[in-house]
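Architecture and fold: a report
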Amino acid sequence: MGAEDDYKAKETKPQLGERWPHGGFRGGGGWISSDRVTSTYDLVEQMHFLYVRVVKARDLPPNPVTGSCDPYVEVKLGNYKGKTKHFDKKVNPEWKQVFAFSKEKIQSSILEVFVRDKEMVQRDDYLGKVVFDMNEVPTRVPPDSPLAPQWYRLVDRRGESKVRGEVMLAVWMGTQADEAFSEAWHADAASVHGEGVHSVRSKVYVSPKLWYLRVNIIEAQDVESQDKSQPPQVFVKAQVGKQVLKTKVCQTRTTNPFWNEDLLFVVAEPFEEQLVLTIECKVDPSKDEIAGRIVLPLNTFEKRLDHRAVHSRWFNLERFGFGVLEGDRRNELKFSTRIHLRGCLEGGYHVLDESTMYISDQRPTARQLWKQPVGILEVGILSAQGLVPMKPKDGRKTTDAYCVAKYGLKWVRTRTILDSLSPKWNEQYTWEVYDPCTVITLGVFDNGHLGGENSAGGKDSRIGKVRIRLSTLETDRIYTMSYPLLVLQPSGVKKMGELQLAFRFTCLSLANIIYLYGHPLLPKMHYLHPFTVNQVDSLRYQAMNIVAVRLGRAEPPLHKEVVEYMLDVDSHMWSMRRSKANFFRIVSLFSGVISMSKWLEEVCKWKNPITTMLVHVLFCILICYPELILPTTFLYMFLIGIWNYRSRPRQPPHMDTKLSWAEAVNPDELDEEFDTFPTSKAENIVKMRYDRLRSVSGRIQTVIGDMATQGERLQALLSWRDPRATSLFVVFCLITAVILYVTPFKIIALVAGLVYLRHPRFRSKMPSPPINFFRRLPARADSML
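Throughout, a residue's number is its position along its own chain's written sequence, starting from 1. For a predicted model such as this one, the threshold for reporting local features is a pLDDT of at least 70, and the threshold for listing and counting side-chain atom pairs is 80 or more; totals across whole chains, interfaces and linings nevertheless cover every residue. Just so you know, side-chain values use all the structure's heavy atoms and leave hydrogens and water out.

The protein carries the name FT-interacting protein 1 in an unreviewed UniProt entry, which gives Nicotiana tabacum as its organism.

Below is the structure:
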């Protein structure tokens, strides 16, 4: 197999769904017969575990020497041992811990549960044990109720006679669908100790609720400067957390400056930061002095859901620097500097924390404005194959892999499978879908926080990433795919392994999905009161930082490097490779025009006389009956769309190394792409100019990419890449063709002209349904590295 095939996504045939208990298939003629598998774990391969729930013990014998008992429980199955925490001086301890042993790795026919007394100096004292025969362990099938734990009498070492004390246990065979699965101590992770244990378990995270804070700085009064000889030149500095913004310096020197400037911040609930405003006077170009300061909690500002007017308020500022020590001056409020503000928390916008090219959520901040979900996305994260070893361990190289999936506000993280280059997770997650024109991102990482010798200050290393655009999926079809994990490194593109997934997009309301195609992607506030390009970029960067900080404070933390990789934090950085890739995307779009002109040239040269004669006939008919031009064009597009249906894509697209220009990139360009920003070049002037060039080129690159995206969306109209959109457009073409055949062309031209020249009163600021439909069409940007 060549490298070209190696970089492609492939279909797989895993054994999905539940099989109970002896090969019977749940939902398919086994236990329960139904058309569809009823289990919530029907998109993953079933894994069996032996679960041991250690609840508590009672009446344990005290140590004859110390007169007390420091008990703990050790669960032993073959070579695997799991221990509970120990209690000091407790004869009736409660542990409430669950242990899980993978059935694949069970080599022993007996399970032993030891109760021991922890000794500080000598060996731990043996109090008793309970022994289970593996063949007698019951099987629990969810959604059955959990198995009730029972009291078991402890026996001596030989297992012949009862000893003092009892332990409450439940032992059963189950699968990863069991409620105990996520909280269980897994035998696979036996080598992890301390805080590292938390980072091994699977976890669901929720992004913080983000708001835009809009502060309109209107004016100030009685601003005093130390230099009394002339009025001050004043500006306002506003700070929320690490975000700092400044107004322009008021052009006129006055003690009552006027600005009327909007400053925008990103803030997250719960509101921990405060808005700090300082009025500063320009003394000289390099020095500013503070004239007053005020700290406002974010709850001071009202929340608004639309663009209704917000009431402005005056605030008195604390004096700063001069005049503070003069008690009589400080208490005279009539001399206090005042500032006039209008502030609000914007609930009608969607706070962008990810690139709009790969957006996974477009709902406004305010929950009251949310619509009903239109579908359900279920993803089974099955396994990875052939992962690259990422770090040294015991004289060899290994990988401790976990997978993160991000869609909307919900992030999920699978458990970490230790020391395996082919980890099997088999975990299934579900998301509500509010818009099908969105992308789910999945990333695979190597866990660098396991508490071993290599994890001191370690980071979780990137292994690779997969994106899936939901609108390219057929509804109610289960896709089982193996995606290559591709990463661009200074040495070139590298395959790090493969990720096996199963996923299904279930449609709840086809009418709602079709309705969405004619509506804007983002909430209407983005179109009625849009942000500038610079504001969007800086606000997105701030939002990413806030999400990374908040998720980094969860337990276990989702680390900054993981969040930044998932959110494509560096996607707008300049890269020669990306620019070339975007340029060739545009070139490929024009190839259709070039081939059309070549065909016309052949017609003119009579290379095929029959074709040329037919073109002459068609040309004469269209000249004699110009009203046939438009309906014929639409009918022709309808026929092309129907013809292309046979060759429509059967699988969702994946990262394309050729499209990304990753295979043909030269080392010098890669060196530039992996250069630091700002650059690490020596000369200051070169550095400054080089950075400026890169930032400008980054903008140009984005524009070229946008042009390519628009052209690819045109192609997507009839390519069935988004089956619903092409269906709608094909039907529209047919209806339009029929209407245009029966309606005189003059009437159509007149109506079109009058609509185009209509009065502004009849125009809306909102984009029209055709524009909204066009913006929702998929482009090949999804497939770019």
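Structure's up, so let's keep going.
Moving on, we come to the environment of Ala 779. Within the secondary structure, Ala 779 sits in the segment after α14 (769-775). Separated by 68 residues in sequence, Ala 779 and Gly 711 place their C-alpha atoms 8.3 Å apart. Contacts are residue-level and defined by heavy atoms, with any inter-residue pair within 4.5 Å sufficient. Not counting residues within four places of it along the chain, the set of residues in contact with Ala 779 comprises Thr 709, Glu 712, Arg 713 and Arg 721. By the criteria applied, helices consist of DSSP H or I runs no shorter than four residues and strands consist of E runs no shorter than two, each listed in order from the N terminus.

Our next topic: the pairing of strand β5 (residues 94-102). Pairing geometry for strand β2 (residues 48-58) and β5, over seven bridges, is antiparallel. Bridge assignment links Tyr 51 to a residue of β5, and that residue is Ala 100. Two strands pair if DSSP finds at least two bridges between them.

Next up on the list: the sheet that holds strand β27 (residues 424-433). Reading across from one edge, β1-β30-β31-β22-β27 is the order of the five strands in this open sheet, with antiparallel pairing throughout. Since the sheet does not close on itself, it has two edges, and those belong to β1 (10-11) and β27, each with one partner.

Our focus in this paragraph is a nonpolar patch on the surface. On the surface, a cluster of nonpolar side chains totalling about 260 Å² of accessible area is made up of Phe 583, Phe 584 and Val 587. Throughout, exposure labels follow a simple rule: accessible area from a 1.4 Å probe, protein chains only, divided by the maximum for the residue type, with under 20% read as buried, over 50% as exposed, and the rest as partly exposed. Exposure remark for Phe 583: the relative accessible area of 46% places this residue in the partly exposed category. Two joining distances apply to patches: 9 Å for like charges and 5 Å for nonpolar side chains (Val, Leu, Ile, Met, Phe, Trp, Tyr), and every residue must have over 30% relative accessible area and no salt bridge. The Shrake-Rupley method, run with a 1.4 Å probe sphere, supplies the accessible areas, and residue values consider only the shown protein chains as cover. Salt bridges, as used here, are contacts in which a Lys or Arg side-chain nitrogen is within 4 Å of a carboxyl oxygen on Asp or Glu.

Moving on, we come to the packing of helix α9 (residues 629-644) against helix α12 (residues 723-742). Helix axes use the C-alpha atoms of the stretch in contact, all axes being lines fitted to C-alpha atoms, and the angles between their N-to-C directions lie in the range 0 to 180 degrees. Between α9 and α12, the least distance of the axes is 8 Å, while the angle of their chain directions is 155°. Put simply, α9 runs roughly antiparallel to α12. Regarding α9 and α12, the two cross each other, and that crossing is left-handed. Contacts from Leu 630, Pro 631, Thr 632, Phe 634, Leu 635, Met 637, Phe 638, Gly 641 and Ile 642 in α9 reach Val 730, Phe 732, Cys 733, Leu 734, Thr 736, Ala 737, Leu 740 and Tyr 741 in α12. For the contact of α9 with α12, a count of residues per class yields 14 nonpolar, three polar and no charged. We call two directions roughly parallel when the angle between them is under 35 degrees, roughly antiparallel when it is over 145, roughly perpendicular when it lies between 65 and 115, and oblique otherwise. Handedness of a crossing follows from how the near helix is turned relative to the far one, being left-handed for an anticlockwise turn of less than a right angle and right-handed for a clockwise one. Following the grouping adopted for this structure description, the nonpolar residues are Ala, Val, Leu, Ile, Met, Phe, Trp, Tyr, Cys and Pro, the charged ones are Asp, Glu, Lys and Arg, and the polar ones are all others, Gly among them.

To continue, consider unusual backbone geometry. Note that the residue after Glu 269, namely Pro 270, is joined by a cis bond; omega there is -10°. A cis geometry characterises the amide bond from Glu 555 onward to Pro 556, with omega recorded as 0°.

Moving on, we come to the pattern of salt bridges. Think of it this way: side chains of opposite charge can pair up when their charged atoms draw near. Considering all chains together, one arrives at 35 salt bridges under this definition. The partner of Arg 140 in a salt bridge is Asp 178, and the shortest N-O contact between them spans 3.0 Å. Within this pair, whereas Arg 140 is found in the loop between β7 (125-133) and β8 (150-155), its partner Asp 178 is found in the loop between β9 (162-175) and β10 (185-186), the two being separated by 38 residues in sequence. The shortest N-O distance in the salt bridge between Lys 465 and Asp 568 comes to 3.0 Å. With Lys 465 in strand β29 (residues 461-469) and Asp 568 in the loop between α6 (560-566) and α7 (576-604), this residue pair connects regions lying 103 residues apart in the sequence. Overall, the relative accessible area of 7% leaves Lys 465 in the buried class. Looking at Asp 568, the relative accessible area reads 8%, which means it is buried. Because the salt bridges share partners, they merge into one network encompassing Arg 214, Asp 262, Arg 304 and Glu 346.

When pLDDT is averaged along the protein, the result is 83; 88% of the residues meet or exceed 70. As a per-residue quantity, pLDDT reports the predictor's confidence and falls between 0 and 100. Here residues 21-38 is a poorly scored stretch, pLDDT under 50, and it has 29 contacts once near neighbours within four places are set aside; other chains count. Predicted confidence for residues 322-334 stays below pLDDT 50, and this span has 14 contacts to residues more than four positions away or in other chains.

So, on to the sheet that holds strand β13 (residues 234-240). Strand order in the open sheet formed by five strands is β14-β13-β16-β17-β20, and the pairing between neighbours is antiparallel. Single-partner strands in this sheet number two, and they are β14 (243-246) and β20 (318-319).

Time to look at the pairing of strand β12 (residues 210-221). Within β12, ten of the twelve residues are buried, which leaves it mostly tucked inside the rest of the structure. Here β12 pairs with strand β15 (residues 258-268) via nine bridges, running antiparallel. Along β15, the bridge assignment pairs Leu 210 with Ala 268. Alignment of β12 against strand β21 (residues 338-346), held across nine bridges, turns out to be antiparallel. Residue pairing for β21: Leu 213 is matched across the bridge by Leu 345.

Attention now goes to the packing of aromatic side chains. Only centres within 6.5 Å qualify two rings of Phe, Tyr or Trp (six-membered ring in Trp) as a pair; their planes then separate them into stacked at under 30 degrees, edge-to-face at over 60, and tilted for everything else. Taken as a whole, this structure holds 17 aromatic pairs when the rule is applied. Between the aromatic rings of Tyr 402 and Phe 445, the centroid separation amounts to 5.8 Å while the plane-to-plane angle is 25°, which identifies the pairing as stacked. Of this pair, Tyr 402 sits in strand β25 (residues 401-407) while Phe 445 sits in strand β28 (residues 439-446), placing them 43 residues apart in sequence. On the basis of relative accessible area, Phe 445 is assigned to the buried category, the value being 0%. In this structure an aromatic cluster arises from ring pairing among Phe 49, Tyr 51, Trp 172 and Phe 181. A positively charged side chain is recorded as over a ring if its NZ (Lys) or CZ (Arg) lies within 6 Å of the ring centre. The angle to the ring normal must also be within 35 degrees. Stacked on the ring of Tyr 72, the Lys or Arg Lys 118 has its end atom at 6.0 Å from the ring centre.

For the rest of this paragraph, the subject is helix α5 (residues 533-552). Helices are assigned an expected span. That span is 1.5 Å times one less than the residue count. A rise of 1.5 Å per residue sets the reference length of α5, with its 20 residues, at 28 Å; its end C-alpha atoms lie 29 Å apart and thus fit the reference within 8%. When α5 is considered as a whole, its buried residues turn out to be Leu 539, Arg 540, Ala 543, Met 544, Ile 546, Val 547, Ala 548, Arg 550 and Leu 551. Residues of α5 that are buried make contact with β11 (203-206), β12, β14, β15, β26 (410-413) and α6.

By the element assignment, Tyr 517 lies in the loop between α3 (510-516) and α4 (525-528). Remark: the alpha-carbon pair of Tyr 517 and Leu 728, spanning 211 residues in sequence, is separated by 9.1 Å. The contacts of Tyr 517, once residues within four sequence positions are left out, are Pro 436, Cys 437, Ser 471, Asp 722, Arg 724, Ala 725, Leu 728, Pro 769, Asn 772, Phe 773 and Arg 776. Polar contact is the term for a pair of N or O atoms within 3.5 Å; when the atoms are in protein, one must be able to donate a hydrogen and the other to accept it, and sequence-neighboring residues count only if both atoms are side-chain atoms. One polar contact links Tyr 517 to Asp 722, side chain to side chain, over a distance of 2.5 Å.

Definition used in this section: a nonpolar core is a set of buried Ala, Val, Leu, Ile, Met, Phe, Trp, Tyr and Cys residues joined via side-chain atoms within 4.5 Å. Within the largest apolar cluster, 85 residues are counted, with the highest numbers of intra-cluster contacts made by Trp 411 and Leu 442. When residues in this core are grouped by element, the largest group, seven residues, is from α5. Among residues more than four places away in sequence, those in contact with Leu 442 are Val 379, Ile 381, Cys 403, Val 404, Ala 405, Gly 464, Lys 465, Val 466, Ile 468, Leu 499, Leu 501 and Met 566.

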